[in-house]
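# Results of the structural survey
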Amino acid sequence: MTPIIRVDHLRHVYSAGTPFEKVAIDDIHLDIPAGQFVGIIGHTGSGKSTFIQHLNGLIAPTSGTVYFDGQDIHRSKEATRDVRFQVGLVFQYPEHQLFEETVYKDIAFGPKNARLSAEEVDERVREAARFAGVDESLFERSPLELSGGQKRRIAIAGVIAMEPEVLLFDEPTSALDPEMINEVLSCMKDLAKDGMTMVCVTHEMGFAREVSDRVIFMDHGVILEEGTPEQFFTNPQHERTKAFLREIL
Ligand code: ADP
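Residues numbered from 1 in each chain as written. Predicted model: local features only at pLDDT ≥ 70, side-chain atom pairs only at ≥ 80, totals over all residues. Heavy atoms only, no water.

### Re the site of the ligand
In the neighbourhood of the ligand, the contacting residues comprise Tyr-14, Lys-22, Ala-24, His-43, Thr-44, Gly-45, Ser-46, Gly-47, Lys-48, Ser-49 and Thr-50. For the ligand, an oxygen atom lies 2.7 Å from a polar atom in the backbone of Gly-45. Contact between the ligand and Ser-46: an oxygen atom at 3.1 Å from a main-chain N or O atom of the residue. For the ligand, whose accessible area on its own is 560 Å², the fraction buried by protein is 61%. Among the elements of the structure, strand E2 (22-32) and helix H1 (48-54) are those that each provide at least two residues to the shell around the ligand. Broken down by element, the shell around the ligand gets its largest block of residues, three residues, from H1. Across the shell around the ligand, the residue classes tally to two nonpolar, seven polar and two charged. (Near = heavy atom within 4 Å. Polar contact = N/O pair within 3.5 Å; in protein donor to acceptor, adjacent residues only side chain to side chain. Areas by Shrake-Rupley, 256 points an atom, 1.4 Å probe, with all protein chains shown as cover. Helix = DSSP H or I, 4+ residues; strand = E, 2+ residues; numbered from the N terminus. Nonpolar A, V, L, I, M, F, W, Y, C, P; charged D, E, K, R; others polar.)

Take a look at the structure:
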């Protein structure tokens, strides 16, 4: 079966040809079958964000190819735009994705852009809000005046409302207090249980171990090691993986 996402010889160089040139991603290959939950871990600066932003076409490869459903996501401008609807990305600080004056409008932004009817938009908004744990009593409030945890759930609802086939998360719990971390993680667990294909960059090792079908360790722009959570956490192979786990666990 065609993997829903295929990454082939992916390389990304920032500021190429300048004194600031930086190889952020160096020759990554990865096939992600539909329904898989991939946890990505690694040190700051190892290329995790850069990598994940390639999967919905937000960043274009310097060389190599990203395929969605067997097709190059950069084959045309329209194709790259369409992939943004099919592969949803929740940023590290998703509250920066909120910019409408009400919670309802914010969650409705994606479906509206996809030119759905008002009824379809409404249905999507209510369903996504329910899923992400956003109470309808908040719909007319400004997202900016809500708590950090609520803002994240609104941002997640906005991405879910597009009904993407794949969800990407870039450290969705960073800078939240423990209670809010649990709220966001439990929403993600529900999505995973529902069979959503997900790729999540995280520093939450307990979560990565519990929810991932596959854990990937990135180091200096490459996938140094990967495995099932069981293999990965109990029997890491590389010295650098072992050192990382000793540091973080
Ligand atoms: P991570 O998500 O693992 O922290 P990043 O993908 O953010 O890693 O960064 C990988 C490398 O690329 C780092 O050395 C970082 O400094 C560099 N980098 C990231 N974004 C940019 C950018 N916009 N311009 C130049 N260098 C960048």
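Next comes the rest of the description.
### Description of the pairing of strand E6 (residues 87-90)
The alternating pattern of E6 places Val-87 and Leu-89 and Gly-88 and Val-90 on opposite faces, both of which are buried. In terms of strand pairing, E6 meets strand E7 (residues 166-170) through four bridges, oriented parallel. Residue pairing in the sheet places Gly-88 in a bridge with Leu-167 of E7. (Buried < 20%, exposed > 50% of the residue type's maximum accessible area, 1.4 Å probe, protein only. Pairing = 2+ DSSP bridges.)

### Details of the layout of surface pockets
Its boundaries defined by the atoms lining it, the largest pocket holds a volume of some 450 Å³. In this structure, the largest pocket is lined by 21 residues; those nearest its centre are Leu-89, Gln-97, Phe-109, Val-159 and Met-162. Only helix H2 (77-86), E6, helix H3 (103-113) and helix H5 (148-160) provide two or more residues apiece to the lining of the largest pocket. Taken together, the residues of the lining of the largest pocket sort by class into 13 nonpolar, six polar and two charged. Computed from the structure, the second largest pocket encloses a volume of approximately 220 Å³. Looking at the second largest pocket, the residues that line it are Arg-124, Glu-127, Ala-128, Phe-131, Ile-160, Ala-161, Glu-163, Leu-191, Asp-194, Gly-195 and Met-196. Here the element with the most residues in the lining of the second largest pocket is helix H4 (residues 118-132); it accounts for four residues. Taken together, the residues of the lining of the second largest pocket break down into six nonpolar, one polar and four charged. (1 Å grid on protein atoms, 1.4 Å probe; cavity = no way out; pocket = protein on both sides within 12 Å on 5 of 7 lines; lining within 4 Å. Points joined across faces, edges and corners; volume = space filled by probe spheres on them.)

### Concerning the nonpolar core
Ranked by size, the top nonpolar core spans 38 residues in total, and within it Ile-107, Val-134, Phe-169, Met-188 and Met-198 carry the most contacts. Listing elements by their share of this core, those giving two or more residues are H3, H4, H5, E7, helix H6 (178-193), strand E8 (197-201) and helix H7 (205-211). With seven residues, H6 is the largest single contributor of residues to this core. Contact partners of Phe-169, with chain neighbours within four places excluded, come to Ile-52, Val-90, Ile-156, Met-188, Leu-191, Met-198, Val-199, Cys-200 and Val-201. (Core = buried A, V, L, I, M, F, W, Y, C linked by side-chain atoms within 4.5 Å. Contact = heavy atoms within 4.5 Å.)

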